[in-house]
Amino acid sequence: MRVVVAIIQPTKLSTVRDALRELQVDDITICDAMGYGRQHGQSALFRGNEYKVDLLRKVAVEVLVHEDELQPVIDCICRHALTGSAGQIGDGKIFVLPVAEVIDLADPRR
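Residues numbered from 1 in each chain as written. Predicted model: local features only at pLDDT ≥ 70, side-chain atom pairs only at ≥ 80, totals over all residues. Heavy atoms only, no water.

A. Examining the overall build of the protein chain more closely. Helix and strand counts for the protein chain come out as 2 helices and 6 strands. Starting at the N terminus and ending at the C terminus, the protein chain contains elements arranged as β-α-β-β-β-β-α-β. Scored against the burial criterion, the 110 residues of the protein chain give a buried share of 26%. Considering only contacts within the protein chain whose residues lie at least 6 apart along the sequence, 73% involve residues at least 24 apart. Accessible surface, the protein chain: about 7900 Å² in total, of which carbon and sulfur atoms supply 51%. (Helix = DSSP H or I, 4+ residues; strand = E, 2+ residues; numbered from the N terminus. Buried < 20%, exposed > 50% of the residue type's maximum accessible area, 1.4 Å probe, protein only. Contact = heavy atoms within 4.5 Å. Areas by Shrake-Rupley, 256 points an atom, 1.4 Å probe, with all protein chains shown as cover.)

Now the structure itself:
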(Lines give C-alpha, C1' and ligand atoms only; values in the text may rest on other atoms or scores of the structure.)
Protein backbone atom coordinates (compact mmCIF):
# COMPACT_ATOMS: atom_id res chain seq x y z
CA MET A 1 0.00 0.00 0.00
CA ARG A 2 0.96 3.60 -0.53
CA VAL A 3 -0.06 7.00 0.81
CA VAL A 4 -0.56 9.67 -1.81
CA VAL A 5 -0.17 13.16 -0.33
CA ALA A 6 -1.26 15.92 -2.70
CA ILE A 7 -0.61 19.54 -1.76
CA ILE A 8 -3.07 21.56 -3.85
CA GLN A 9 -4.73 24.96 -4.10
CA PRO A 10 -7.73 25.29 -1.74
CA THR A 11 -9.92 26.35 -4.68
CA LYS A 12 -9.36 22.96 -6.36
CA LEU A 13 -10.32 20.84 -3.35
CA SER A 14 -13.95 20.19 -4.30
CA THR A 15 -12.99 19.37 -7.90
CA VAL A 16 -10.32 16.88 -6.78
CA ARG A 17 -12.57 15.34 -4.12
CA ASP A 18 -15.42 14.84 -6.63
CA ALA A 19 -13.03 13.31 -9.16
CA LEU A 20 -11.68 10.88 -6.54
CA ARG A 21 -15.24 9.89 -5.66
CA GLU A 22 -15.81 9.00 -9.32
CA LEU A 23 -12.83 6.64 -8.99
CA GLN A 24 -14.60 5.19 -5.92
CA VAL A 25 -11.94 6.55 -3.59
CA ASP A 26 -14.00 7.59 -0.58
CA ASP A 27 -11.48 7.42 2.27
CA ILE A 28 -9.45 10.60 2.19
CA THR A 29 -7.96 12.92 4.80
CA ILE A 30 -7.87 16.66 4.20
CA CYS A 31 -5.66 19.04 6.18
CA ASP A 32 -4.89 22.73 5.95
CA ALA A 33 -1.31 23.42 4.96
CA MET A 34 0.88 26.49 4.68
CA GLY A 35 4.02 26.82 2.62
CA TYR A 36 5.81 28.20 -0.37
CA GLY A 37 8.10 26.97 -3.09
CA ARG A 38 8.95 28.78 -6.28
CA GLN A 39 6.22 31.36 -5.53
CA HIS A 40 8.26 32.80 -2.61
CA GLY A 41 5.14 34.26 -1.04
CA GLN A 42 3.23 37.35 -2.08
CA SER A 43 3.17 41.05 -1.28
CA ALA A 44 -0.13 42.42 0.01
CA LEU A 45 -1.53 45.82 0.90
CA PHE A 46 -3.46 46.29 4.16
CA ARG A 47 -4.69 49.72 5.27
CA GLY A 48 -2.10 51.43 3.15
CA ASN A 49 0.82 49.35 4.41
CA GLU A 50 2.56 46.82 2.22
CA TYR A 51 3.62 43.58 3.85
CA LYS A 52 5.02 40.25 2.68
CA VAL A 53 3.06 37.04 3.08
CA ASP A 54 5.74 34.33 3.15
CA LEU A 55 3.47 31.33 3.66
CA LEU A 56 0.62 30.66 1.26
CA ARG A 57 -2.47 28.64 2.13
CA LYS A 58 -2.69 25.17 0.57
CA VAL A 59 -4.65 21.98 1.26
CA ALA A 60 -3.10 18.55 1.83
CA VAL A 61 -5.17 15.63 0.53
CA GLU A 62 -4.04 12.22 1.79
CA VAL A 63 -5.25 8.98 0.20
CA LEU A 64 -4.30 5.42 1.17
CA VAL A 65 -4.33 3.21 -1.96
CA HIS A 66 -3.37 -0.27 -3.09
CA GLU A 67 -0.63 -0.57 -5.70
CA ASP A 68 -3.10 -1.20 -8.55
CA GLU A 69 -5.01 2.02 -7.70
CA LEU A 70 -1.90 4.19 -7.39
CA GLN A 71 -1.43 5.45 -10.96
CA PRO A 72 -5.15 6.17 -11.62
CA VAL A 73 -5.31 8.21 -8.38
CA ILE A 74 -2.17 10.18 -9.28
CA ASP A 75 -3.45 10.83 -12.81
CA CYS A 76 -6.83 11.94 -11.44
CA ILE A 77 -5.28 14.41 -9.02
CA CYS A 78 -2.89 15.74 -11.68
CA ARG A 79 -5.75 16.31 -14.11
CA HIS A 80 -8.13 18.02 -11.68
CA ALA A 81 -5.76 20.08 -9.50
CA LEU A 82 -4.41 22.24 -12.31
CA THR A 83 -5.37 25.90 -12.54
CA GLY A 84 -5.70 26.73 -16.20
CA SER A 85 -5.15 24.35 -19.08
CA ALA A 86 -1.42 23.77 -18.57
CA GLY A 87 -1.14 24.54 -14.86
CA GLN A 88 0.88 27.21 -13.11
CA ILE A 89 3.59 27.56 -10.51
CA GLY A 90 1.94 26.99 -7.15
CA ASP A 91 -0.59 24.37 -8.28
CA GLY A 92 1.01 21.90 -5.89
CA LYS A 93 2.96 18.70 -5.53
CA ILE A 94 2.20 15.01 -5.08
CA PHE A 95 4.23 12.79 -2.77
CA VAL A 96 3.93 8.99 -2.78
CA LEU A 97 5.04 7.22 0.40
CA PRO A 98 5.21 3.52 1.27
CA VAL A 99 3.04 2.20 4.11
CA ALA A 100 4.70 -0.29 6.43
CA GLU A 101 1.67 -1.05 8.57
CA VAL A 102 -1.93 0.06 9.11
CA ILE A 103 -3.46 -0.18 12.58
CA ASP A 104 -7.21 0.29 12.95
CA LEU A 105 -7.87 1.76 16.39
CA ALA A 106 -11.45 0.50 16.42
CA ASP A 107 -10.47 -3.11 15.60
CA PRO A 108 -11.06 -5.27 18.71
CA ARG A 109 -8.51 -7.85 17.48
CA ARG A 110 -5.52 -5.58 17.93
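B. The arrangement of the nonpolar core in detail. Grouped together as the largest cluster of nonpolar side chains are 18 residues, with contacts concentrated most on Ile8, Leu20, Val61, Val73 and Ile77. Looking at this core, the elements with two or more residues in it are β1 (2–8), α1 (13–22), β5 (56–65) and α2 (67–80). Considering each element in turn, this core owes the most residues, 5 residues, to α2. Apart from the residues within four sequence positions on either side, isoleucine 77 is in contact with Val4, Ala6, Val16, Leu20 and Ile94. (Core = buried A, V, L, I, M, F, W, Y, C linked by side-chain atoms within 4.5 Å.)

C. Layout of the packing of α1 against α2. Put simply, α1 and α2 touch, their axes get as near as 9 Å, and they point 150 degrees apart. Read as a crossing pair, α1 and α2 show a hand that is right-handed. In this structure, α1 uses Thr15, Val16, Ala19 and Leu20 to contact α2, whose residues at the interface are Val73, Cys76, Ile77 and His80. (Axes fitted to C-alpha atoms, helices over the stretch in contact; angles between N-to-C directions. Left-handed = near helix turned anticlockwise from the far one by under 90°.)

D. Quick peek at α1. Among the residues of α1, Leu13, Val16, Ala19 and Leu20 are the ones counted as buried. Relative to the axis of α1, the buried residues are bounded by an arc of 135 degrees and lie together on one face. Buried-residue contacts for α1 involve β1, β2 (28–35), β5 and α2. The positive-phi residue at the C-terminal boundary of α1 is glutamine 24, with phi of around 65 degrees. (Arc of directions from axis to C-beta.)

E. Geometry of the pairing of β1. Of the pairings in the sheet, the one linking β1 to β5 comprises 7 bridges and is antiparallel in character. By the bridge assignment, alanine 6 is partnered in β5 with valine 61. Pairing geometry for β1 and strand β6 (residues 92–98), over 7 bridges, is antiparallel. Each residue of the ladder has a partner; that of alanine 6, found in β6, is isoleucine 94. (Pairing = 2+ DSSP bridges.)

F. A look at the sheet that holds β5. The strand order across the open sheet built from 4 strands is β2-β5-β1-β6, with neighbouring strands paired in antiparallel fashion. Looking along the sheet, the strands with just one partner apiece sit at the ends: β2 and β6. In this sheet, adjacent strand axes meet at a mean angle of 20 degrees when their direction is disregarded. Contacting β1, β2 and β5, α1 crosses the sheet at an angle of about 10 degrees to β5. In this fold α2 packs onto β1, β5 and β6, with an angle of close to 5 degrees to the strand it touches most, β1.

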